[in-house]
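# Observations on chain architecture
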Amino acid sequence: MCQSEARRGPELRAAAKWLHFPQLALRRRLGQLSCMSRPALKLRSWPLTVLYYLLPFGALRPLSRVGWRPVSRVALYKSVPTRLLSRAWGRLNQVELPHWLRRPVYSLYIWTFGVNMKEAAVEDLHHYRNLSEFFRRKLKPQARPVCGLHSVISPSDGKILNFGQVKNCEVEQVKGVTYSLESFLGPRTYTEDLPFPPASSCDFRNQLVTQEGNELYHCVIYLAPGDYHCFHSPTDWTVSHRRHFPGSLMSVNPGMARWIKELFCHNERVVLSGDWKHGFFSLTAVGATNVGSIRIYFDRDLHTNSPRYSKGSYNDFSFVTHANKDGVPMRKGEHLGEFNLGSTIVLIFEAPKDFNFRLKAGQKIRFGEALGSL
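Named according to an unreviewed UniProt entry, the chain is Phosphatidylserine decarboxylase proenzyme, mitochondrial originating from Heterocephalus glaber. The Function (unreviewed entry) comment attached to the chain in UniProt states, word for word, "Catalyzes the formation of phosphatidylethanolamine (PtdEtn) from phosphatidylserine (PtdSer). Plays a central role in phospholipid metabolism and in the interorganelle trafficking of phosphatidylserine. May be involved in lipid droplet biogenesis at the endoplasmic reticulum membrane." Of the chain, the UniProt comment under Catalytic activity (unreviewed entry) reads exactly: "a 1,2-diacyl-sn-glycero-3-phospho-L-serine + H(+) = a 1,2-diacyl-sn-glycero-3-phosphoethanolamine + CO2".

### Considering the pairing of strand β8 (residues 269–276)
Within β8, 7 of the 8 residues are buried, which leaves it mostly tucked inside the rest of the structure. By the bridge criterion, 8 bridges tie strand β7 (residues 237–245) to β8 in an arrangement that is antiparallel. Counted as the bridge partner of W237 is W276 from β8. As paired elements, β8 and strand β9 (residues 279–286) share 8 bridges and run antiparallel to each other.

### Remarks on the pattern of salt bridges
On inspection of all chains with the given rule, the structure shows 13 salt bridges. A salt bridge links K140 to E123; the shortest N-O distance between them is 2.7 Å. Residue K140 is located in the loop between α6 (131–135) and β1 (152–153), and its partner E123 is located in the loop between α5 (99–113) and α6; the two are separated by 17 residues in the primary sequence. Here R331 and D236 are joined by a salt bridge, their closest N and O atoms 3.9 Å apart. Here R331 is found in the loop between β12 (328–330) and β13 (335–339), whereas its partner D236 is found in the loop between β6 (230–232) and β7, with 95 residues between them in sequence. Bridged by salt links that share partners, the residues E119, R144, D157 and R366 form one connected network.

Scoring rules and cut-offs
- Residues numbered from 1 in each chain as written.
- Predicted model: local features only at pLDDT ≥ 70, side-chain atom pairs only at ≥ 80, totals over all residues.
- Heavy atoms only, no water.
- UniProt positions renumbered as here; feature names shortened; annotations may be inferred.
- Buried < 20%, exposed > 50% of the residue type's maximum accessible area, 1.4 Å probe, protein only.
- Helix = DSSP H or I, 4+ residues; strand = E, 2+ residues; numbered from the N terminus.
- Pairing = 2+ DSSP bridges.
- Salt bridge = Lys/Arg side-chain N within 4 Å of Asp/Glu carboxyl O.

In C-alpha cells:
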C-alpha cells in the first residue's frame with residue numbers, strides 16, 4: 001500500500017500543480033489589469049462584474065481569493081449610460097403608432113401602471129398618436145379641484161417620500177438617507193436677483209432664510225409612471241431664476257432613493273427659485289431614467305438631456321430683466337411644466353415657524369390637495 005502511494009505521489013503533485021496554474025495565470029492577469037489606466041481597467045472589469053452579480057450561487061466568488069474585487073452595485077449602476085438610453089427612449093416615444101396598434105399598446109400600459117383614463121380630457125385612446133402624447137395627457141378641469149383654504153398645495157400627483165424642516169443643511173430624500181442642500185440647489189452666485197448677500201457654505205441655509213423667525217421646509221413628491229405627468233404651481237409666487245443641472249438619469253423610485261446617497265444631486269434637474277409672501281421659494285423638477293425631457297412652459301430656452309451639456313456643470317438663466325424686474329408671476333394651480341414618464345418634485349421654501357404640513361410619509365396625493373398651511 002505504501003508503494004502504491006509512493007507511485008501516486010508524482011501524479012498528485014502534477015495534478016495539484018495543474019489545478020494551481022489557473023490561479024497563477026489569473027493572478028498574473030489581474031496584476032496586468034492593475035497597471036492599466038483607470039478607464040481601461042473600468043472597461044475590462046465591467047463585464048466580469050456583471051457576471052459576478054448575475055450568475056447564481058456565487059460562481060465567481062473564488063476570484064476574490066486571487067485579489068479581484070467586483071465593482072460595487074452602486075458604481076456599476078452609475079456606469080450605465082442612462083442619458084443615452086433616455087434619449088433613445090424619447091425618440092421612440094415620438095414615433096407615430098399605427099391607428100390599429102394604439103389601443104392594445106396603451107391598454108397594456110394602463111393595465112400595468114393603473115392609469116385612470118376616466119380623468120383624462122380625451123378618453124379615446126386612438127386620439128394619442130404616440131407614447132409621448134399619451135404620457136403628457138391633460139385632465140378634465142373638474143378632475144383636480146385646487147384647494148383654496150391652504151397656502152401650499154401639491155404641484156402634482158404622486159407619493160410623499162419625505163417632508164419637514166431642513167436641519168444642518170441636509171435634506172432627507174427618504175427616511176434616513178440625506179443629501180446636501182447646497183449640492184442640490186447649487187451655490188448662490190446669482191446674487192443680483194436676491195435681496196441678501198452671499199454667505200459662507202456653512203451658512204448656506206441661513207442665506208436662504210430672508211426673514212427673521214422663519215424656518216426652511218422641504219417636501220419630496222415621487223411621480224410614478226402611471227401618475228398624471230404635468231406639474232403646476234404649488235402657491236402664489238414669482239419665479240426669478242432657473243438653474244439647469246445636466247446629470248445622470250438614474251431611477252428615482254423610493255427603493256433606489258434608499259440605495260444611492262445623494263441620488264437627487266446626481267440626477268439631471270431644473271431648479272426654479274424665487275419668492276412668495278413668506279420669503280424664499282423653490283421648485284425642483286428631478287429627471288429620471290427615460291425622463292430626460294423636463295419642460296417648463298414659460299422657458300423656451302431650456303433643453304434638458306442634451307449632448308451639448310456635460311455632467312457636473314450647471315447653466316443659469318435669470319427671468320429678471322430691465323423690462324421685467326419682477327420675474328415670472330405664477331398663480332396657485334397654474335400649469336408650470338411636464339415630465340415624460342415619472343419623476344420627482346422637490347419643494348424647498350421659507351415659512352414662519354407655525355407652518356404645518358398636513359401629510360403622512362408614504363401617502364398618495366393628487367395635484368391640488370393641501371400640503372400645508374399656517
